[in-house]
Amino acid sequence: MTGSAPAPLPWQRNDWERLRARIVDQRLHHAVLLSGPAGIGKRLLGELLARSILCRNPDRGQACGTCRDCQLVTAGSHPDLLRIAPEEPGKQIRIEQIRGEFTDFVMRTPSVAHAKAIVIDPADAMNTHTANCLLKSLEEPAPRTHMLLLSDAPARLLPTIRSRCQQLRLMPPAPEQALQWLQSAGGGADAADLLGIAAGCPLGALRIREADAIGGFDRAADMMRRAASPGAWIPELVSGCADLELRELLGWVFLFLADLSRALAHGSASGARIQRAAAAIDELMPRVGAVHAARMLQRTLAARRDAASTANPNRQLLLEALLIDWQRGC
């Protein structure tokens, strides 16, 4: 593809060809839900789809990258492209955003393109009231208007929202393809571990590397290793990770426990996906049963849900309760 338009990632090509064919045949659904784990490339594919909907000179359904519409999208000033997102990271999309700018945009005709595109990212940041406000536009779509919903967690969306969308769940690439892509993108010597930490999602692995965040996983693994000792002082261990964002820390803990569970199933630390944690896992295997590891995975998931809720739980108490439970079973 020429110009500044994005290209589909290697593992997205089949999905993109199906969407592209629908654009050519003018059969693209008025609402498309792109879902899949974080770091898989949903936003890149959504961007390509939005550009291709608006492009005036598409190449077999794919944005040309050079026409006036493509240039306006690149400049962030296309009047027929609306992006709906939380006003702050981690916050919810406000109902006023749907009642206001979204509704006004849907009701008017395209200004310069032959169609309009709306990108809602992340769609699961809508609460029930906001989602119900959006529902009318999904049930009675406006002419020449396409809505693209992006979500890491589509199960959080109302069933009535999901049922009115063409759903496309993006899957991680094969491990060999993911490793090859990450190494070519500068993954370095830690590429395999980065992919393990990112659950096989190459863009997630690349973000971890660029943010130099792999140390967060190392600290979480060490916290769990030390907390397994009967004499460990749990409040001190929790305080030692006070600078790590709560949901991120719980994510590292979940990954470590998942790898411990894999190692227990294989009977060896070599069964772990993240080899940088092999020493800690090897130390814990004689002391941790598979049932306890599985239960702690569920406890960690519950803690992550609490951390993501609007209840604003006490960080110290939440983590202490988790680690005390972990310690008692070791």
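For clarity, every value in this text was computed on a predicted model and none was experimentally measured.

J.: Could you clarify how one ought to interpret the pattern of salt bridges in this entry?
T.: Close approach of charged atoms lets side chains of opposite charge pair. Throughout the structure, instances matching the rule amount to 26 salt bridges. The salt bridge partner of D80 is R108, with a shortest N-O separation of 3.2 Å. Residue D80 is found in the loop between α3 (68-75) and β2 (81-84), and its partner R108 is found in the loop between α4 (95-107) and β3 (116-120); the two are separated by 28 residues along the sequence. With its nearest N and O atoms 3.3 Å apart, the salt bridge here joins R164 to E139. Residue R164 is found in the loop between α6 (159-162) and β5 (166-169), and its partner E139 is found in helix α5 (residues 128-139); the two are separated by 25 residues along the sequence. Note on R164: relative accessible area 28%, which makes it partly exposed. Given a relative accessible area of 43%, E139 falls into the partly exposed group. Put simply, K42, R43, D121 and D152 are held in one network by salt bridges that share partners.

J.: Would you mind going over helix α15 (residues 315-328) with me for this structure?
T.: Since the α-helix turns once every 3.6 residues, residues separated by three or four places project in the same direction. The end-to-end C-alpha distance of α15 is 20 Å, a good match for the 20 Å that 14 residues give at a rise of 1.5 Å each. Buried residues of α15: L318, L319, E320, L322, L323, D325, W326 and Q327, and no others. On its buried face, α15 sits against α10 (214-227), α11 (234-239), α12 (246-266), α13 (278-284) and α14 (290-308).

J.: In this structure, what is going on with unusual backbone geometry? I would like to understand it.
T.: With the exception of glycine, most residues fall at negative phi, and the peptide bonds are largely trans. The omega torsion of the bond from D121 to P122 falls at -5 degrees, within 30 degrees of zero and hence cis. Here P122 shows up in the loop between β3 and α5. In this structure, R144 takes a positive phi of about 55 degrees despite not being glycine. Of note, R144 is situated in the loop between α5 and β4 (145-151).

Definitions and cut-offs
Per chain, the residues get numbers from 1 upward, laid out in the order the sequence is written. Local features in this predicted model are restricted to residues whose pLDDT is 70 or higher, and side-chain atom pairs enter the listing and the counts only when it is 80 or higher, whereas totals over whole chains, interfaces and linings include all residues. By convention in this description, side-chain values take in all heavy atoms of the structure and omit both hydrogens and water. We define a salt bridge as a side-chain nitrogen of Lys or Arg found within 4 Å of a carboxyl oxygen belonging to Asp or Glu. The helix and strand labels rest on DSSP assignments: H or I over at least four residues marks a helix, E over at least two residues marks a strand, and numbering proceeds from the N terminus. Exposure is judged per residue with a 1.4 Å probe applied to protein chains only, and the accessible area is read against the type maximum: over 50% gives exposed, under 20% gives buried, and values in between give partly exposed. One less than the residue count of a helix, multiplied by 1.5 Å, gives the span that helix is expected to have. What makes two residues a contact is simply this: any of their non-hydrogen atoms within 4.5 Å.

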